[in-house]
Amino acid sequence: MTSSSTQTKVQQALVVGDEVVVVWGDGHESYYPGCPLRKACSCASCKGERHLFGRATLPTLAPLRPEAFVPAAVSLVGNYGLKVTWVDGHDHGIYDLRELRASCPCDACAARSD
Ligand SMILES: [Zn+2]
Ligand SMILES: [Zn+2]
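Residues numbered from 1 in each chain as written. Chains lettered and ligands numbered in written order. Predicted model: local features only at pLDDT ≥ 70, side-chain atom pairs only at ≥ 80, totals over all residues. Heavy atoms only, no water.

1. Comments concerning the coordination of the zinc ion (ligand 2)
At step 1: On the protein side, the zinc ion (ligand 2) has His28 (NE2), Cys104 (SG), Cys106 (SG) and Cys109 (SG) as donor atoms, found 2.0 to 2.3 Å from it.
At step 2: For the zinc ion (ligand 2), the 4 donor atoms are set out with angles of 103 to 116 degrees between them, so the coordination reads as tetrahedral.
At step 3: Summarised as a motif, the one-chain spacing of the donors to the zinc ion (ligand 2) is H-x75-C-x1-C-x2-C. (Donors = N, O, S within 2.8 Å, 3.2 Å for Na, K, Ca; no water. Tetrahedral: all angles 85-135°; square planar, octahedral: opposite > 155°, others 65-115°.)

2. Describing the pairing of strand S4 (residues 71–77)
At step 1: Examined bridge by bridge, S4 and strand S5 (residues 81–86) share 6 bridges and lie antiparallel to one another. Following the sheet pairing, Ser75 is matched in S5 by Lys83.
At step 2: Connecting S4 to the antiparallel partner S5 that follows it, the hairpin turn spans 3 residues, and Gly78 within it adopts a positive phi of roughly 55 degrees. (Pairing = 2+ DSSP bridges. Helix = DSSP H or I, 4+ residues; strand = E, 2+ residues; numbered from the N terminus.)

3. Quick word on the sheet that holds strand S1 (residues 10–16)
At step 1: Taken in spatial order, the 3 strands line up as S1-S2-S3 in an open sheet, and their pairing is antiparallel. Among the strands making up the open sheet, the edge pair consists of S1 and strand S3 (29–33). Here the strands of the sheet are splayed against their neighbours by 15 degrees on average, with no regard to which way each runs.
At step 2: Of the strand pairs in this sheet, S1 and strand S2 (residues 19–24) are connected by 6 bridges, and their pairing is antiparallel. (Axes fitted to C-alpha atoms, helices over the stretch in contact; angles between N-to-C directions.)

Okay, structure coming up:
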């Protein structure tokens, strides 16, 4: 009865204010504030090229302007990812749906993962 596939399926994804809202296949709604979401961007320009140095490098985030933390649009990538376009034009980050679901900031999910 624990079908995890619906939990990582996206019914709907949209931007509301400065949050990305995901409605999952099981009906659960997640609200991701733009700021931590942008900071979690795993694209090469945000995180650097790990393979060049062969060691974990700290994110070399240049100071971002406030609009960098405001999502402009979201779109699904295949059935595994969610791409967020930010107001400053950055759109290289694809968020893995499983990781997104696992990091849902709502009280119920936060209680479960601790
Ligand atoms: Zn990025
Ligand atoms: Zn949740």
